[in-house]
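# Commentary on secondary and tertiary structure
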Amino acid sequence: MAATAASSLSYGIGGTQILWVPQGLLEQIVSTHSSYQTHHVDLQHLVNLISCIFQNAAVSSSKGVEQYVQLTDMINKLETVDGMRQALENIRNLSCEMSCCVSTMASSVDETTMQMLRRLKDYSWNAKVVLAMAAFACSVGESSMLVKHRNTDPIAMYVETLKGHRYTTTDFTVLERIGLFKAMIDVANTNLAFLAPSISRIPKEVHSIKDAIACFPTAAYKILRIVLQITSILSKKKDHFESTVQELNVLANEVSHINNILQEKLTLCLRDAEKYTYEDITIRITKISISEFIDKIMHYVRIQGFENLRNKHLFFLISDLDISIDEIKVLNWLYQRNDQMYEIVWLPIIDLSMSYDVKRFWELKQLMKWSVAVEPTRVEADVVDFVKKEWHFIRQAIAVSMTSAGEVVCQNALPMLWTWGNTAFPFSDKTEQILWNSIDERHGWKLDLVLDDFIVPELRSWIENRTTFVCLFGGGDISWIQEFTEKVKYAAYAAGVTLKLVFVGKNKAKLGLLKTDLSRDINVIESEFRWRFWTKLESILHAKIRSGKTTTAYKTDVVIHEALKVVGHGGKGESWAVFSMGPDPMVTTDGETGLTIMSNYLNWRQDTTGLRFLEGVKHYKEVISRDVHGCIKVHLPVLGRVPGIMACPDCSKVMDMFYTYRCCDE
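The following paragraphs examine the structure supplied in this document. Because the structure is predicted, anything quoted here is derived from the model rather than measured. (Residues numbered from 1 in each chain as written. Predicted model: local features only at pLDDT ≥ 70, side-chain atom pairs only at ≥ 80, totals over all residues. Heavy atoms only, no water.)

If you tally the helices and strands in the protein chain, you get 28 helices and 12 strands. Taking all 666 residues of the protein chain together, the buried fraction comes to 50%. Restricting the contact set of the protein chain to residue pairs at least 6 apart, pairs at least 24 apart contribute 72%. (Helix = DSSP H or I, 4+ residues; strand = E, 2+ residues; numbered from the N terminus. Buried < 20%, exposed > 50% of the residue type's maximum accessible area, 1.4 Å probe, protein only. Contact = heavy atoms within 4.5 Å.)

As structure tokens, this is what we get:
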């Protein structure tokens with residue numbers, strides 16, 4: 001561990017080793033730190049505010065009107081900074097802990113320092129220092145304000161007495177004179193500099209950054225401890241204060257010495273940072289092999305100590321932070337029902353050249369029922385490069401299926417998981433081929449292929465009851481929906497069958513109509529269930545594309561023929577309908593055709609009641625569609641590779657292919 005190396009650090013300052021701490025204490029310091037830094041905030045605003053407060057405190061009276069105006073402006077800007085609310089709460093708590101330590105003496109300086117570190121566990125070591133300085137500045141600012149107004153405002157005198165500041169020094173300029181304020185601002189700025197994006201892009205194995213990281217824990221501990229000591233001295237009564245100026249001077253020098261050490265390391269890091277600009281990273285990366293890649297991501301797993309992953313089939317989920325909540329919910333449902341056949345590990349990928357949404361990362365992590373390999377910024381650049389170039393990861397999530405022996409059996413198992421669920425385990429091409437071979441291409445377009453008990457829990461009973469007529473439909477035209485459902489209800493009643501209406505919206509990216517917009521007897525598929533339905537259809541098409549059934553399949557493969565129609569209509573938000581009864585193949589229509597069929601039921605009803613109702617629907621559709629040609633447009637997400645050539649399901653002509661760039665769902 002990088003921080004452990006700090007036990008051997010010794011920087012001689014006046015015969016002392018300023019950053020040295022015993023090994024036992026070092027382990028305690030490191031134990032206060034969370035391996036994930038969940039709280040990120042732009043601390044430059046705080047450093048500016050700290051500096052302004054110190055400058056105001058150093059003024060012997062309250063005449064600095066222009067400084068107060070500047071201070072007010074800085075405070076107003078804080079409200080616009082993401083994550084600042086949490087930071088300010090931590091600062092207030094730190095300030096209280098400092099006051100309690102000084103006023104009650106209930107705990108030692110060392111104990112309070114450790115308590116402060118634990119409170120800041122979710123911040124980087126450098127951020128801890130800046131926040132501690134802000135808490136100290138808060139205390140100084142409060143004391144300075146009370147001292148300056150004690151003789152003119154009785155309330156200030158009263159508050160000063162209650163706060164325990166009575167008879168404290170009236171001259172904060174001494175802190176300016178001995179260089180204490182300057183030393184604190186300098187060390188805050190140095191720690192802030194380590195948080196710059198240019199530094200964060202340096203690989204952690206580079207000597208300069210590795211050496212700097214090693215001293216951060218002890219430097220933060222020492223600085224926080226000194227801040228507490230100074231706070232304690234400043235709380236003493238005036239008649240004791242002059243005798244402690246020398247002690248304050250020593251502490252100011254210690255802060256300066258620590259800052260000098262950090263500055264030396266920062267200089268080396270800045271020199272190396274020039275070598276690791278983002279533009280250079282993709283050029284300098286040495287192409288890694290698949291075995292090296294596996295070693296690296298398994299290393300991420302090992303450092304997290306995931307013993308439950310040992311000797312397990314792993315399912316590496318690779319995505320950016322835009323992975324949808326619905327996708328996670330569906331995957332959670334499947335993962336919790338996999339009978340421990342496999343374990344999922346999330347490998348989050350971000351743009352290394354930019355800061356990322358830390359809050360979003362932790363929200364996603366909280367939703368996931370599985371393990372997270374590593375925090376996004378710790379994923380090495382060559383790993384990011386590999387998954388993008390070799391495994392064709394662009395934006396849509398992919399999942400790499402890997403045996404317990406480290407053998408990759410599928411570079412993206414998500415489509416087969418969405419199509420077949422856990423039945424597709426171990427998610428290999430061979431398993432998928434076996435599953436598709438079990439589906440009759442001519443008669444396989446059935447209800448249980450596009451739905452499952454996650455989407456519709458009653459699915460099995462619907463299929464087993466052969467007199468249940470199921471109508472799936474979608475679209476955003478409420479007037480069509482109202483007319484269509486009215487006609488379907490009448491036809492089903494006249495035919496003597498039980499009707500189940502299921503509305504699945506436009507597509508997974510569009511909210512469309514809500515349950516409250518439709519009549520109560522319509523089953524409305526919402527949220528992750530709708531996402532599951534449309535993704536299942538897209539995955540079916542991807543599987544067919546990968547197997548080469550694209551230009552001639554319309555002649556023999558009914559599944560791809562009908563799935564293309566539904567995805568095509570749904571992608572454009574057009575109305576469509578699919579009719580099913582029992583285990584028989586479904587009938588797919590566009591919205592207008594479906595409405596025509598049901599509106600004209602009395603014209604074709606002879607001998608089509610009961611079990612023959614679906615057969616009558618199919619026959620009448622063929623009659624009215626012979627001279628109608630309605631070409632479609634299909635939008636498929638790129639799941640690893642760009643799809644191949646497709647043929648129109650209606651006219652059999654080869655379809656044109658276009659690239660669509662979309663930043664987010666509609």
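Next up on the list: empty space enclosed by the protein. Enumeration over the complete set of coordinates arrives at two cavities of 30 Å³ or more. Here the second largest cavity defines a volume of roughly 30 Å³. Lining the second largest cavity are Arg-466, Met-581, Asp-584 and Leu-611. Looking at the lining of the second largest cavity, its residues break down into two nonpolar, no polar and two charged. (1 Å grid on protein atoms, 1.4 Å probe; cavity = no way out; pocket = protein on both sides within 12 Å on 5 of 7 lines; lining within 4 Å. Points joined across faces, edges and corners; volume = space filled by probe spheres on them. Nonpolar A, V, L, I, M, F, W, Y, C, P; charged D, E, K, R; others polar.)

Turning to the packing of aromatic side chains, a few remarks are in order. If you walk through the whole model with that rule in mind, you get 30 aromatic pairs. Taking 4.5 Å as the distance between ring centres and 45° as the angle between the ring planes, the aromatic pair formed by Trp-333 and Phe-454 counts as tilted. With Trp-333 in helix H16 (residues 325-335) and Phe-454 in the loop between helix H21 (447-450) and helix H22 (459-464), this residue pair connects regions lying 121 residues apart in the sequence. Geometrically, the ring pair formed by Trp-480 and Phe-484 is stacked, given 4.6 Å between the ring centres and 10° between the ring planes. One end of the pair, Trp-480, and the other, Phe-484, are both in helix H23 (residues 478-495), four residues apart, so they sit about a helical turn from each other. Neither Trp-480 nor Phe-484 differs from the other in exposure class; each is buried. Within the aromatic cluster, the residues linked to one another by ring pairs are Phe-469, Phe-473, Trp-480, Phe-484, Phe-503, Phe-579, Tyr-601, Trp-604, Phe-613 and Tyr-620. Here the guanidinium or amino end of Lys-128 rests over the ring plane of Trp-125, the centre of that ring lying 4.8 Å away. Lying across the ring of Trp-436, Lys-544 places its NZ or CZ 4.3 Å from the centre. (Phe/Tyr/Trp six-rings, centres within 6.5 Å; stacked < 30°, edge-to-face > 60°. Lys NZ or Arg CZ within 6 Å of the ring centre and 35° of its normal.)

Another point: the packing of helix H9 (residues 180-193) against helix H11 (residues 207-234). Relative orientation of the contacting elements H9 and H11 amounts to 155°, with a least axis distance of 13 Å. It follows that H9 is roughly antiparallel to H11 by the angle criterion. Crossing handedness for the pair H9 and H11: left-handed. Contact with H9, carried on its side by Leu-180, Met-184, Val-187 and Asn-191, involves Ile-223, Val-227 and Ile-230 of H11 and no other residues of that element. A breakdown of the residues in the contact of H9 with H11 according to their chemical character gives six nonpolar, one polar and no charged. (Axes fitted to C-alpha atoms, helices over the stretch in contact; angles between N-to-C directions. Parallel < 35°, antiparallel > 145°, perpendicular 65-115°, else oblique. Left-handed = near helix turned anticlockwise from the far one by under 90°.)

Now for the sheet that holds strand E6 (residues 398-402). The strand order E5-E4-E3-E6-E7 describes an open sheet built from five strands, whose pairing is mixed. A single partner strand is all that each edge strand has here, and the edge strands are strand E5 (371-372) and strand E7 (408-410). Sheet analysis places strand E3 (residues 313-319) next to E6, joined by five bridges and oriented antiparallel. Note that in E6 the partner of Leu-314 across the bridge is Met-402. (Pairing = 2+ DSSP bridges.)

All right, on to the packing of helix H20 (residues 429-437) against helix H24 (residues 527-546) then. Relative orientation of the contacting elements H20 and H24 amounts to 105°, with a least axis distance of 12 Å. By the angle between their directions, the pair H20 and H24 is classed as roughly perpendicular. Residue-level contacts link Asp-429, Glu-432 and Trp-436 of H20 to Ile-540, Ala-543, Lys-544 and Arg-546 of H24. Along the lines of polarity and charge, the residues of the contact of H20 with H24 split into three nonpolar, no polar and four charged.

Here we come to the sheet that holds strand E11 (residues 576-581). Reading across the sheet, the five strands line up as E10-E9-E8-E11-E12 and stay open at both edges, with mixed pairing between neighbours. Looking at the sheet topology across the chains shown, the edges are occupied by strand E10 (522-524) and strand E12 (587-590). On average, each strand axis in the sheet is tilted by 20° relative to the strand beside it, whichever way the strands run. Sheet topology places strand E8 (residues 468-474) next to strand E9 (residues 498-503); six bridges connect them, and they run parallel. Paired with Cys-471 across the strands is Leu-501, a residue of E9. On the sheet, helix H28 (residues 613-624) packs against E8, E11 and E12 and is oriented at approximately 45° with respect to E12.

The next thing to look at is the pattern of salt bridges. Scanning the entire structure with this criterion turns up 13 salt bridges. The residue Asp-322 makes a salt bridge to Arg-395 at a minimum N-O spacing of 3.8 Å. Residue Asp-322 is located in the loop between E3 and H16, and its partner Arg-395 is located in the loop between helix H18 (381-389) and E6; the two are separated by 73 residues in the primary sequence. Residue Arg-395 is classed as partly exposed on the basis of its relative accessible area of 30%. Asp-557 is paired through a salt bridge with Lys-544; the nearest N and O atoms lie 2.7 Å apart. With Asp-557 in the loop between H24 and helix H25 (558-571) and Lys-544 in helix H24, this residue pair connects regions lying 13 residues apart in the sequence. Relative accessible area serves as the criterion here: at 1%, Asp-557 is assigned to the buried category. (Salt bridge = Lys/Arg side-chain N within 4 Å of Asp/Glu carboxyl O.)

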